[in-house]
Amino acid sequence: MLVLSRRVDESLLIDKDIKITVLDIKGGQVRLGITAPESIKIHREEVFNRIQEESSEEED
């Protein structure tokens, strides 16, 4: 796992097409802004896991 430190308004890039920017930090929460091509699906981890579970149930 790569661990990076960023401050508000600082970004990181994944390849050339994905940019993640720290928008706000309050208490224990960080607000992120993500810019990516529409063809790339972006989900919170818990939503992604639920989608995967539902997908595997449909295949059974």
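My aim in this report is to walk through the structure given alongside it, one point at a time.

What counts, and where the lines are drawn
Residues numbered from 1 in each chain as written. Predicted model: local features only at pLDDT ≥ 70, side-chain atom pairs only at ≥ 80, totals over all residues. Heavy atoms only, no water. Helix = DSSP H or I, 4+ residues; strand = E, 2+ residues; numbered from the N terminus. Patch = residues over 30% accessible without salt bridge, like charges linked within 9 Å, V, L, I, M, F, W, Y side chains within 5 Å. Areas by Shrake-Rupley, 256 points an atom, 1.4 Å probe, with all protein chains shown as cover. Salt bridge = Lys/Arg side-chain N within 4 Å of Asp/Glu carboxyl O. Buried < 20%, exposed > 50% of the residue type's maximum accessible area, 1.4 Å probe, protein only.

Observations regarding unusual backbone geometry
In this structure, D9 is a non-glycine residue whose phi angle is positive, near 75°. Its location among the elements puts D9 in the segment before strand 1 (11-14). Although it is not a glycine, D15 adopts a positive phi angle of roughly 55°. Note that D15 resides in the loop between strand 1 and strand 2 (18-26).

Side note on a nonpolar patch on the surface
A cluster of nonpolar side chains, V8, I25, V30, L32, I34, I40 and I42, forms an exposed patch at the surface whose accessible area comes to about 570 Å². Ranked by the residues each element gives to the nonpolar patch, the list is headed by strand 3 (residues 29-35), at three residues. The exposure class of V8 is partly exposed, given its relative accessible area of 38%.

Take it as geometry only, folks, not as evidence of what the structure does.
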